[in-house]
Amino acid sequence: MKRIIFTAIATVLISLPLLAGSPKDVKLPPMESAVMDNGLKIFVVRTDEIPMVTMRMMIPAGSARDPKGLEGVAGLTATMLMKGAAGMGAEEIAEAIESVGGSLNTGSNRDGTFIIGDFMSRDFALALEFMSKVVISPDFLETELEREKGIVKAGLLGEKENPSALTSKFFVKSLLGDHPYADPVAGYAESVEKITRKDIAGFHKANFVPDGSILAIVGDVDAKKALKMVEKQFGKWSGKRSGQAAVEPLSQEEGQARRVVVIDKPDATQSQIRIGNIGTSMNTPEFFPLEVSNNILGGGFTSRLMNEIRVNRGLSYGARSRMVKYLSGGYFMISTFTKNGSLRETIDVALAEAGKMRSEMIDDEELEGSKRYISGLFPFELETNSDLCKWIVDIEFFGLGKDFVEKYRSGISAVSAGDVQRVVREYFRTDGNLVVVLTDYESTKDQLEGLGEIEVVRIDDVR
């Protein structure tokens, strides 16, 4: 076994069943961590309620690393990990894992690729063996790649028939432009078609290295034994994350006019609406004020957007807002839909509700109710081994601080009305923003007059 440095015994909080009371009641079990010589960071938490163990590995190899013109490489690489490795075919891997009642899955987002496994604790050694095979020694079989490309392209084609998904994807691309976060994780039909085995293998070689990767293990397993077993399976994994520039931070130009982009769908009887602007990153110091602010505006069924758009005016069945946060930035987005005849009214109401939060201080009753709601729900994000693995990885990857979970509820509790107004004015813009609508433009263009400079795109031209 190579040198392993025990860097900390991080005792974070998270007493799952004991949720009532003060925010400080949340407490994590003790955690051991280590950094292997090759740079792989390991975190182990023992929970022995059930004889299971969950593993989550995060490799900083998300779609933001896709080469231009080959969007979708990261997503396909993640999928292909399970389609043949170390001489074992996809079915052979699946059958071997299923024979012990385990599961091993892969996925990716804009920041990283994930390998997630659930196994009986008695099969932990086997679980690590399979994880190491798919991470380090994937075969990227040509036949499997062509099959997976076909599945991805079929899914992308299906999005054309889903106005909501299509509008959201187009909104993100229109807002983020040429930034690496702008392109969808799945890529585009034409880019996926171009991807070859050489592209997949090249992406894997450049990005699937232990340096900067994170492995969280939670379950009925002794920490020191677990670290030794990880060393056995991943000790020979090599490679440095050198020569890669960090993803540049997202930023928004000040003083720009509102943009309105219309996806013209002549047979649309309902209009999809997205409104938003550049936001901030996951490790923002405004994390807790933003959580509360978004919850008040459009984060739940009793939010202001839902009350005004659905309950009071009957314009739509749903309206929400989101603050999407990545490592190097993010975006704010209001989403709703309505019948074509009420398109402009719905847009105006959404903007007005955001505007009220910018101009009027939140009253104590609404503020305290929102904070109680968020604090009350937070422990449900920590119920399972899988939940805990996700938080451990997120805390490390985004640099949130090892006491982030411990202080989450007290952080929410400390948010003031002034905090809410400050972050709303910064991040919930009512002008200089982007409005994307999918609609029958011929029947709704009169409603859009005066909203901003309008660009019209035919739905057949949307990627």
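Residues numbered from 1 in each chain as written. Predicted model: local features only at pLDDT ≥ 70, side-chain atom pairs only at ≥ 80, totals over all residues. Heavy atoms only, no water.

1. Focus on helix H5 (residues 163–176)
So, point 1. With 14 residues, H5 extends 20 Å from end C-alpha to end C-alpha; this agrees with the ideal 20 Å at 1.5 Å per step.
So, point 2. Within H5, the full set of buried residues consists of Leu166, Thr167, Lys169, Phe170, Phe171, Val172, Ser174, Leu175 and Leu176.
So, point 3. Gly177 occupies a position one or two residues after H5 and carries a positive phi of about 60°. (Helix = DSSP H or I, 4+ residues; strand = E, 2+ residues; numbered from the N terminus. Expected span 1.5 Å × (residues − 1). Buried < 20%, exposed > 50% of the residue type's maximum accessible area, 1.4 Å probe, protein only.)

2. Topic: the layout of surface pockets
So, point 1. Computed from the structure, the largest pocket encloses a volume of approximately 950 Å³.
So, point 2. Forming the boundary of the largest pocket are 31 residues, of which Met282, Phe287, Glu291, Met323 and Lys325 lie nearest the centre.
So, point 3. Every element with two or more residues in the lining of the largest pocket is listed here: strand S4 (52–59), helix H9 (287–298), strand S12 (319–326), helix H12 (364–377) and helix H13 (385–398).
So, point 4. With seven residues, the single largest contributor to the lining of the largest pocket is S12.
So, point 5. Looking at the lining of the largest pocket residue by residue, the class counts come to 17 nonpolar, five polar and nine charged. (1 Å grid on protein atoms, 1.4 Å probe; cavity = no way out; pocket = protein on both sides within 12 Å on 5 of 7 lines; lining within 4 Å. Points joined across faces, edges and corners; volume = space filled by probe spheres on them. Nonpolar A, V, L, I, M, F, W, Y, C, P; charged D, E, K, R; others polar.)

3. Looking at the packing of helix H3 (residues 124–136) against helix H8 (residues 223–234)
So, point 1. Contact geometry of H3 with H8 gives a least axis separation of 9 Å together with a crossing angle of 35°. For the crossing formed where H3 meets H8, the hand is right-handed. In this structure, H3 contributes Phe124, Ala125, Leu128, Glu129, Met131, Ser132, Val135 and Ile136 to the contact, and H8 contributes Ala226, Met229, Val230, Gln233 and Phe234.
So, point 2. Along the lines of polarity and charge, the residues of the contact of H3 with H8 split into ten nonpolar, two polar and one charged. (Axes fitted to C-alpha atoms, helices over the stretch in contact; angles between N-to-C directions. Left-handed = near helix turned anticlockwise from the far one by under 90°. Contact = heavy atoms within 4.5 Å.)

4. Things to note about the side chain of Asn277
So, point 1. Among the secondary structure elements, Asn277 is positioned in strand S11 (residues 270–278).
So, point 2. Of the residues examined, Asn277 reaches a relative accessible area of 0% and is grouped as buried.
So, point 3. When residues no more than four places from it in sequence are discounted, the contact partners of Asn277 are Phe171, Leu175, Gln252, Tyr331, Phe332, Tyr427, Phe428, Arg429 and Asn433.

5. Quick notes on the packing of aromatic side chains
So, point 1. Scanning the entire structure with this criterion turns up 15 aromatic pairs.
So, point 2. Ring centres of Phe287 and Phe288 lie 5.4 Å apart, and the angle between their planes is 80°; on these two criteria the pair is classed as edge-to-face.
So, point 3. The class for Phe288 is buried, based on a relative accessible area of 16%.
So, point 4. An aromatic cluster is built from Phe287, Phe288, Phe378, Trp391, Phe404 and Tyr408, whose rings are joined through pairwise contacts.
So, point 5. Above the plane of the ring of Trp391 lies Lys390, whose end atom (NZ or CZ) is 5.9 Å from the centre.
So, point 6. Sitting over the ring of Tyr188, Arg463 keeps its end group 3.6 Å from the ring centre. (Phe/Tyr/Trp six-rings, centres within 6.5 Å; stacked < 30°, edge-to-face > 60°. Lys NZ or Arg CZ within 6 Å of the ring centre and 35° of its normal.)

6. Concerning the environment of Leu382
So, point 1. Here Leu382 lies in the loop between H12 and H13.
So, point 2. Judged by its relative accessible area of 2%, Leu382 is buried.
So, point 3. As for Leu382 and Leu28, which are separated by 354 residues in sequence, their C-alpha atoms are 9.2 Å apart.

7. Details of the pattern of salt bridges
Side-chain pairing between opposite charges can occur once the charged atoms of the two side chains come close.
So, point 1. Counted under the stated rule, the structure contains 29 salt bridges.
So, point 2. Here Lys153 ties to Glu193 by a salt bridge, and the two come within 2.2 Å at their closest N and O atoms. Here Lys153 is found in helix H4 (residues 142–159), whereas its partner Glu193 is found in helix H6 (residues 189–194), with 40 residues between them in sequence.
So, point 3. Judged by its relative accessible area of 26%, Lys153 falls in the partly exposed class.
So, point 4. When its relative accessible area of 45% is taken as the criterion, Glu193 is described as partly exposed.
So, point 5. One salt bridge in this structure joins Lys371 and Glu368, with 3.2 Å as the shortest N-O distance. Highlighted residues: Lys371 and Glu368, both in helix H12, separated by three residues, approximately one helical turn.
So, point 6. Salt bridges sharing common partners tie together Arg46, Asp220 and Asp222. (Salt bridge = Lys/Arg side-chain N within 4 Å of Asp/Glu carboxyl O.)

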